[in-house]
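Structure assessment
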Amino acid sequence: MSMPTDPAIVAARALIAAASRIVALTGAGISTESGIPDFRGPQGVWTKNPGAEKLATLQTYMTEPDLRRRAWQARLHHETWDALPNAGHAALVALETRGQLDTLITQNIDGLHQRAGSSAQRVIEIHGTIHDVVCMACGDRAPMQTALQRVRGGEDDPACLRCGGILKSATISFGQSLVIADLARADRAARSCDLLLAIGSSLSVFPIAAVVPAAKRAGAKLILVNGQATAMDALADVVLHGRIGEILPALITE
Ligand code: NAD
């Protein structure tokens, strides 16, 4: 699309200009241009290897030491450690600097929004973060990099240093509950915004995807930005299909 004159871009820019309380909901698609693969896009981890989805459950993690050892190896080599924020993350920082961004709900665990400059207090990491580990027995939290040092030093499944419990990245696995306070805050923000910007998500992971119809029901406008159709395109005022790193700057900063 020729960005500046594309009618959908023009319509979305007008909605953003008229909004004063914007909530952005981001998914894995905003980080693929930083080199972190998504799960369900054309190049997604699960699109290529559907069996991997079944391994990502809390129950298998807690009961299968071999799977934990593989999980620690995967964490050692996770794409996040070398990833830098991209133009999509930067555009959301600009929206905050202009005073229009109320809350940034992210499904991502990579911390790239904060790294780009989004204020931590505006970001809700609804699926947690890979930058910390948490003990599944005593709840102790510690930096991921400290645990990874122990893996490099030869511990293939490092246990909690406080109580010996099983350590896991501080992300929400399948079969694990979300943090109720985070979900409530995300829901409140969505129901009181005047524009919801859903970016780079298949909008098929619940309960967080439910903030989209909730915002719409409460009267907010809805813009969807994604590389392919989502489960909620029919609800949107404007749907933009294309690359996030090109579309968000065209909407916000150019
Ligand atoms: P998803 O994998 O279900 O969907 C991502 C969507 O983004 C796809 O529809 C894909 O077509 C689109 N997309 C990918 N790259 C794009 C680009 N450059 N421009 C435009 N669109 C693009 O992602 P999801 O809805 O966030 O759900 C997956 C879950 O897995 C999340 O809840 C998250 O917790 C986790 N996850 C996180 C990361 C991360 O932190 N970066 C990466 C993978 C998965």
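Structural notes, computed from the coordinates. Every residue gets a number counted from 1 within its own chain, in the order that chain's sequence is written. Residues qualify for local features only when their pLDDT is at least 70, as the model is predicted, and side-chain atom pairs are given and counted only at 80 or more; totals for whole chains, interfaces and linings, by contrast, use all residues. Note that the side-chain values use all heavy atoms of the structure and ignore hydrogens as well as water.

Here we come to the overall build of the protein chain. What the protein chain contains, in helices and strands, is 11 helices and nine strands. The atom set for the radius of gyration is the C-alpha atoms, and the globule formula is 2.2 Å times the number of residues raised to the power 0.38. Relative to a compact globule of 254 residues, whose C-alpha radius of gyration would be 18 Å, the protein chain shows 19 Å and is just as compact. For the protein chain, the spread of C-alpha atoms along the three principal axes comes to 55 × 35 × 30 Å. The buried share of the protein chain, taken over its 254 residues, is 48%. Contact definition: two residues touch when any of their heavy atoms are within 4.5 Å. At a minimum sequence separation of 6, the contacts of the protein chain that also span at least 24 residues come to 67%. Accessibility throughout is a Shrake-Rupley quantity obtained with a 1.4 Å probe, and a residue counts as covered only by protein chains that appear here. Summing over all exposed atoms, the protein chain offers an accessible surface of approximately 11800 Å²; the carbon and sulfur share of this is 54%. In this tally Asp and Glu are treated as negative and Lys and Arg as positive; neither His nor the chain ends contributes. Think of each charge as sitting on NZ of Lys, CZ of Arg, CG of Asp or CD of Glu. Positive and negative side-chain charges of the protein chain, numbering 24 and 24 respectively, have mean locations separated by a distance of 4 Å. Runs of E in the DSSP output that reach at least two residues are strands. Runs of H or I that reach at least four are helices, and both are numbered from the N terminus. Buried means the residue's accessible area, taken with a 1.4 Å probe over protein chains only, is under 20% of the maximum for its type, while exposed means over 50%, and partly exposed covers the values in between.

For the rest of this paragraph, the subject is the sheet that holds strand β5 (residues 141-143). The pairing criterion for strands is at least two bridges between them, as found by DSSP. Pairing within the open sheet is antiparallel, and its three strands lie in the order β5-β4-β6. Unpaired on one side and paired on the other, β5 and β6 (167-171) mark the two borders of the sheet. Going from strand to strand, the sheet's axes swing by 45 degrees on average, the running direction of each strand aside. Where strand β4 (residues 128-135) lies against β6, five bridges are found, and the strand directions are antiparallel. Opposite Val134, over in β6, you have Lys168 as the bridge partner. Only the stretch in contact is used when fitting a helix axis, every axis being a line fitted to C-alpha atoms; angles between N-to-C directions are given from 0 to 180 degrees.

Note on terminology: a nonpolar core comprises buried Ala, Val, Leu, Ile, Met, Phe, Trp, Tyr and Cys residues joined through side-chain atoms within 4.5 Å. Of all hydrophobic cores here, the largest spans 28 residues; its most connected members are Leu92, Leu248 and Leu251. Of all the secondary structure elements, the ones that give two or more residues to this core are α1 (7-18), β1 (22-26), α6 (87-97), β2 (101-106), β7 (195-199), β8 (221-226), β9 (238-241) and α11 (244-252). Element by element, the count of residues in this core is highest for α11, at six residues. Ile126, Ala198, Ile208 and Leu222 belong to the second largest nonpolar core, which has 23 residues in total.

Below, the discussion takes up the environment of Leu248. Topologically, Leu248 is positioned in helix α11. Separated by 201 residues in sequence, Leu248 and Thr47 place their C-alpha atoms 25 Å apart. In contact with Leu248, other than residues within four places in its own chain, are Ile30, Gly88, Ala91, Leu92, Ile199, Val225 and Thr253.

This part covers the pattern of salt bridges. Each reported salt bridge corresponds to a side-chain nitrogen of Lys or Arg within 4 Å of a carboxyl oxygen of Asp or Glu. For the structure shown, the criterion picks out 12 salt bridges. Close ionic contact of Glu33 with Arg243 constitutes a salt bridge, the shortest N to O distance being 3.2 Å. Highlighted residues: Glu33 in the loop between β1 and α2 (45-48) and Arg243 in the loop between β9 and α11, separated in sequence by 210 residues. Owing to a relative accessible area of 30%, Glu33 belongs among the partly exposed residues under this scheme. One salt bridge connects Asp157 with Arg68, and the closest N-O pair in it is separated by 2.8 Å. Taken together, the positions of Asp157 in the loop between α8 (144-152) and β6 and Arg68 in helix α5 (residues 65-76) put the pair 89 residues apart, joining distant regions of the chain. The partly exposed category is assigned to Asp157, whose relative accessible area is 21%. Beyond isolated ion pairs, a larger network of salt bridges with shared partners links Glu33, Arg243 and Glu246.

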